[in-house]
Amino acid sequence: MGSRARAALLAAGVTVLATLAPAAASPSGTPPAAPTGIHVQKVSSSSFTVTLHKAAHAKTYRLYVATKTSRLGSHYLGGDRSVTSKHPTLTIKRLGYQLAPYYFRVETFNGPRHTLSNSLGTVFLRPKAPRRLHSVATSSKAYLTWQAGKVSGFTIEQATNHAMTAHRRLYKIRGTTGQFTPYGLAKGATYYYRVRAVNGSTDSAYSRVVSAQARTLEQPVRVMTYNVLEAIGDGRREGGNVVAPWSQRKAVVAKLIKQGDPDVAGIQEAGSWLDHPGGTEQIYSLMAALGGEYTLAHTEIPPGQLHFTRIGVDIIYKSSVYKAVGKGGHWNIGQTRWAAWQELQNRATGAKFLFVSTHLLDPSSLANDRRREAETKTMVKNGRALAARRHVPIVYVGDFNSDQAHPLNGPPIAMRSLDIADSWNAAQHRTQALYNSAEGYYRRPPKKNSRIDYVWAPPGVAVASWGLVMDLRHGKFVGTIGSDHNPVVVNLRFPYS
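Residues numbered from 1 in each chain as written. Predicted model: local features only at pLDDT ≥ 70, side-chain atom pairs only at ≥ 80, totals over all residues. Heavy atoms only, no water.

Asker: Hey, could you run me through the pattern of salt bridges in this one?
Answerer: Opposite charge on two side chains permits pairing when their charged atoms draw close. The tally for this structure, following the rule as stated, stands at 15 salt bridges. The shortest N-O distance in the salt bridge between R168 and E157 comes to 2.4 Å. With R168 in the loop between β13 (153-159) and β14 (169-174) and E157 in strand β13, this residue pair connects regions lying 11 residues apart in the sequence. What makes R168 partly exposed here is its relative accessible area of 47%. The buried category is assigned to E157, whose relative accessible area is 1%. A salt bridge links R236 to E238; its shortest N-O distance comes to 3.1 Å. (Salt bridge = Lys/Arg side-chain N within 4 Å of Asp/Glu carboxyl O. Helix = DSSP H or I, 4+ residues; strand = E, 2+ residues; numbered from the N terminus. Buried < 20%, exposed > 50% of the residue type's maximum accessible area, 1.4 Å probe, protein only.)

Asker: How do you make sense of the sheet that holds strand β24 (residues 313-318) when you look at a structure like this?
Answerer: What holds strands together in a sheet is hydrogen bonding between their backbones, with the strands either parallel or antiparallel. Read across the open sheet, the 7 strands follow the order β23-β24-β22-β19-β34-β33-β31; overall the sheet is mixed. In the strand order of this sheet, the two ends are held by β23 (294-296) and β31 (429-431), each with one partner. When the angles between neighbouring strand axes are averaged without regard to direction, this sheet yields 25 degrees. Sheet analysis places β23 next to β24, joined by 3 bridges and oriented antiparallel. Within β24, the position partnered with T295 by the bridge is Y317. Relative to strand β19 (residues 217-227), helix α2 (residues 246-260) is tilted by about 160 degrees, and along the sheet it contacts β19, β22 (264-268), β23 and β34 (488-496). (Pairing = 2+ DSSP bridges. Axes fitted to C-alpha atoms, helices over the stretch in contact; angles between N-to-C directions. Contact = heavy atoms within 4.5 Å.)

Asker: What exactly am I supposed to notice about the sheet that holds strand β2 (residues 48-51) here?
Answerer: One open sheet accounts for 3 strands, arranged β1-β2-β7; its pairing is antiparallel. Each edge of the open sheet is held by one strand with a lone partner, namely β1 (39-43) and β7 (89-92). Each strand axis lies, on average, 25 degrees off the axis of its neighbour in the sheet, ignoring direction. Relative to β7, β2 is paired through 4 bridges, and the arrangement is antiparallel. Across the sheet, residue T49 finds its bridge partner in β7, namely T91.

Asker: What exactly am I supposed to notice about the packing of α2 against helix α3 (residues 282-289) here?
Answerer: Across the interface, α2 lies against α3 with an axial gap of 9 Å and an inter-helix angle of 55 degrees. Here α3 runs oblique to α2, going by the angle between their axes. The element α2 and its partner α3 pack so that their crossing is right-handed. From α2, W246, R249, K250, V253, A254, I257 and K258 reach across to α3, where they touch Q282, S285, L286 and A289. (Parallel < 35°, antiparallel > 145°, perpendicular 65-115°, else oblique. Left-handed = near helix turned anticlockwise from the far one by under 90°.)

Asker: Whenever I open this one, the environment of N332 confuses me. Can you help?
Answerer: Here N332 shows up in strand β26 (residues 329-334). Since its relative accessible area comes to 45%, N332 is described here as partly exposed. Remark: the alpha-carbon pair of N332 and M379, spanning 47 residues in sequence, is separated by 8.5 Å. When near neighbours in sequence (up to four residues on either side) are disregarded, N332 contacts R337 and W338. At 3.0 Å, the side chain of N332 forms a polar contact with the backbone nitrogen of G334. (Polar contact = N/O pair within 3.5 Å; in protein donor to acceptor, adjacent residues only side chain to side chain.)

Asker: Mind showing me how you'd approach the environment of R390 here?
Answerer: Looking at the secondary structure, you find R390 in helix α4 (residues 366-390). Distance in space between the C-alpha atoms of R390 and K352 is 9.5 Å, their sequence separation being 38 residues. Excluding its chain neighbours within four sequence positions, the residues that come into contact with R390 are V325, W341 and E343.

Asker: What is the right way to read α2 from this model?
Answerer: Side chains three or four residues apart in an α-helix point the same way, a direct result of the helix having 3.6 residues per turn. Along its 15 residues, α2 runs 20 Å from first to last C-alpha, staying within 8% of the 21 Å computed at 1.5 Å per residue. Here α2 has its buried residues at W246, R249, V253, A254, L256, I257 and G260. Projected down its long axis, α2 carries its buried residues within an arc of 165 degrees, all on one side. Exposed residues pointing more than 90 degrees away from the buried face of α2 are listed as S247 and K255. (Expected span 1.5 Å × (residues − 1). Arc of directions from axis to C-beta.)

Next comes the structure, spelled out in structure tokens:
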């Protein structure tokens with residue numbers, strides 16, 4: 001339209017709309033919108049894909065990945081790896097599989113202008129599916145075994161049909177031990193199982209399905225392990241406090257044992273003489289404080305008898321529920337360390353099992369870590385042989401003086417090599433799980449999840465729950481502190497015919 005014609009129309013009162021030109025690209029000086037709707041869409045063992053909403057004024061998108069959050073800070077954004085795309089879908093490949101998470105952050109670009117996502121994302125790479133899943137079901141035990149690579153845990157799925165749709169039940173366990181004992185099974189019923197590995201929050205594919213017929217009954221038993229702190233430590237400073245005399249501590253120790261209500265307990269460090277050598281031993285003082293509810297197993301040779309032996313490791317049991325099958329005994333497992341044992345029988349059902357308690361070498365060093373590993377293997381070798389002769393399941397408890405902070409965490413290494421599960425990992429329910437089992441006589445016990453006191457469950461022994469027995473008010477011990485350890489109590493189920 002010419003200028004004269006336009007002028008004429010305007011003069012006549014006619015509105016003229018300008019012809020719209022094609023939309024121009026966002027100027028390079030316009031900041032792009034921040035990334036939103038960030039979602040991990042797909043994960044493999046070496047890659048992952050992130051999607052996000054299309055951002056206004058964004059011409060490209062960049063995904064940064066790092067193993068440390070410090071590499072993804074806004075003041076220093078480098079990352080270990082990055083990938084750029086014109087589309088809001090980004091895949092980063094060729095990552096090394098690891099148990100630790102990868103951290104990521106997304107950035108939008110419009111020329112020289114860019115905008116970071118407000119927060120970091122976390123992703124664990126996908127583990128491989130467990131292989132060689134195998135079910136064991138005999139007249140004496142039932143359990144599952146499998147093999148897997150580096151993982152943080154497993155999910156076991158149980159059902160009553162091969163399609164895994166009827167009466168489904170999921171068990172979740174931690175750690176890398178490739179064995180698990182299901183519980184709550186009906187004798188004579190057939191169950192189907194499959195397993196998948198877990199790496200942080202990422203699951204693997206499921207293994208193949210296997211079946212097994214439950215051929216045993218289940219006997220619940222509540223067990224405890226408790227280092228009560230020998231009386232020769234009275235008066236020393238520990239954890240910023242002075243250890244109270246045993247005359248005051250024993251009532252607290254007895255109260256915690258009764259509160260935990262175990263059927264059987266392994267007691268460590270109750271071997272001190274309270275008056276003079278050959279006089280009253282600490283364990284007998286504790287038994288008196290318990291008021292007759294528990295019986296002391298005969299696992300050592302008492303003073304005044306031939307070959308008198310004191311091992312400082314004791315076993316007590318609730319005599320109204322269990323009875324001793326003959327006398328117990330003990331083994332020297334190295335470095336003048338001992339393991340006490342006693343076979344017990346449930347009075348109502350007749351179910352029998354072998355209970356073993358120990359207290360391993362104390363000082364922390366690589367050499368002593370290896371000694372503790374050897375002590376553990378010796379104890380298990382002796383225990384397995386005795387349990388096989390007596391045709392009973394076995395449970396190991398005690399103060400193993402080792403945790404993940406040691407140069408070499410010997411006892412768990414030994415137990416994993418023997419397919420014996422840490423009850424903390426296998427338990428379906430846990431209480432006070434963040435506190436240390438050995439709290440160091442601090443008034444406010446530390447929460448570092450450090451465990452040197454263990455209950456170990458071999459294949460065929462199921463773990464329902466794990467917990468610490470602690471009397472706290474606002475996160476602190478009030479009054480006399482009984483010991484520098486907390487009682488560990490675990491609900492187990494062992495098989496019997």
